[in-house]
Amino acid sequence: MVYLEYVVLVVVIGLITYLRKALDLFGSIFMIIMGIIIIFSAGINWLILILVFLILGLLFTKYKHQYKKEIGVYEGTRTLKNVISNGIVAFIMAAFGNYAGFIGSIATATADTLASEVGVVQQPRLITTLKKVPPGTDGGISVLGTAAGIMGAGIIGVSAYLLGIYPNPFITLKIAIIAGTVGCFIDSILGAVLERRNYLSNEYVNLIATITGAFLGIIMV
């Protein structure tokens, strides 16, 4: 009966994200499917950590959204590709009960999302050359965005500890902050070197970054 309540909750959240145009139809459906599987394979607390990432993403997407629209970098509704590229690694880690890879991948996705959504309002510099580039440029970084990314990774670490995913707060914070920050920088480097040249799409860049975060999380314990 308890599981049924959680399943209903996941469906309601998926419906809300679709109605609020945070995700498209297929993105919402896939999120619901992943959520239900995580409930039965890892538990509700693991799912809640993903919801923390989702909520942070939704909140910071709205950060100065009018300005983002004016300069043409407001993403708005995210698609199935976004859900898969940012969430599939965490889903696999949860399915196999690997807490370190799970935390590392979510911390990376969170750091990257917050760094992009906040940093875009400040003049960025290309990570490979440090030359000034227009806001929204693939591989662009800023002090404000980097700080937001580290903060987001830290929130994931604190949340993972409070949710009991791992009982040691120092280890969860270490995994989240280090893996999340490095994964975020890997995303920027790939964006500057490969995405700008159309060798990789943004979705593949995000996927590789979350794989990196998961791997770093695993080797740190």
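Residues numbered from 1 in each chain as written. Predicted model: local features only at pLDDT ≥ 70, side-chain atom pairs only at ≥ 80, totals over all residues. Heavy atoms only, no water.

## Comments concerning the environment of Ile-36
Turning to step 1, where the next piece is worked out: Along the chain, the position of Ile-36 falls in helix 2 (residues 25-41).
Turning to step 2, where the next piece is worked out: Setting aside anything within four residues of it in sequence, one finds Ile-36 in contact with Val-7 and Val-10. (Helix = DSSP H or I, 4+ residues; strand = E, 2+ residues; numbered from the N terminus. Contact = heavy atoms within 4.5 Å.)

## Quick notes on the side chain of Thr-61
Turning to step 1, where the next piece is worked out: With respect to the helices and strands, the residue Thr-61 is situated in helix 3 (residues 44-61).
Turning to step 2, where the next piece is worked out: Among the polar contacts made by the side chain of Thr-61, one reaches the side chain of Arg-78 at a distance of 3.2 Å. (Polar contact = N/O pair within 3.5 Å; in protein donor to acceptor, adjacent residues only side chain to side chain.)

## Notes on the UniProt feature "transmembrane region" (unreviewed entry) in the protein
Turning to step 1, where the next piece is worked out: If you check UniProt for "transmembrane region" (unreviewed entry), the listed places come out as residues 7-23, 29-60, 141-164, 170-192 and 204-220 in our numbering.
Turning to step 2, where the next piece is worked out: Structurally, residues 7-23 is divided into 76% helix and 0% strand, and its ends, taken at the C-alpha atoms, are 19 Å apart.
Turning to step 3, where the next piece is worked out: Here residues 29-60 is 94% helix and 0% strand, with 23 Å between the C-alpha atoms at its ends. (UniProt positions renumbered as here; feature names shortened; annotations may be inferred.)

## Some words on the pattern of salt bridges
Oppositely charged side chains can form a pair if their charged atoms are brought close together.
Turning to step 1, where the next piece is worked out: Scanning all chains against the criterion turns up 1 salt bridge.
Turning to step 2, where the next piece is worked out: Its salt-bridge partner being Glu-117, residue Arg-78 comes within 2.9 Å of it at the nearest N-O pair. Taken together, the residues span a long stretch of sequence, with Arg-78 in the loop between helix 4 (65-71) and helix 5 (80-95) and Glu-117 in helix 6 (residues 99-119) at a distance of 39 residues.
Turning to step 3, where the next piece is worked out: Taking the relative accessible area as the measure of exposure, Arg-78 reaches 17% and is therefore buried. (Salt bridge = Lys/Arg side-chain N within 4 Å of Asp/Glu carboxyl O. Buried < 20%, exposed > 50% of the residue type's maximum accessible area, 1.4 Å probe, protein only.)

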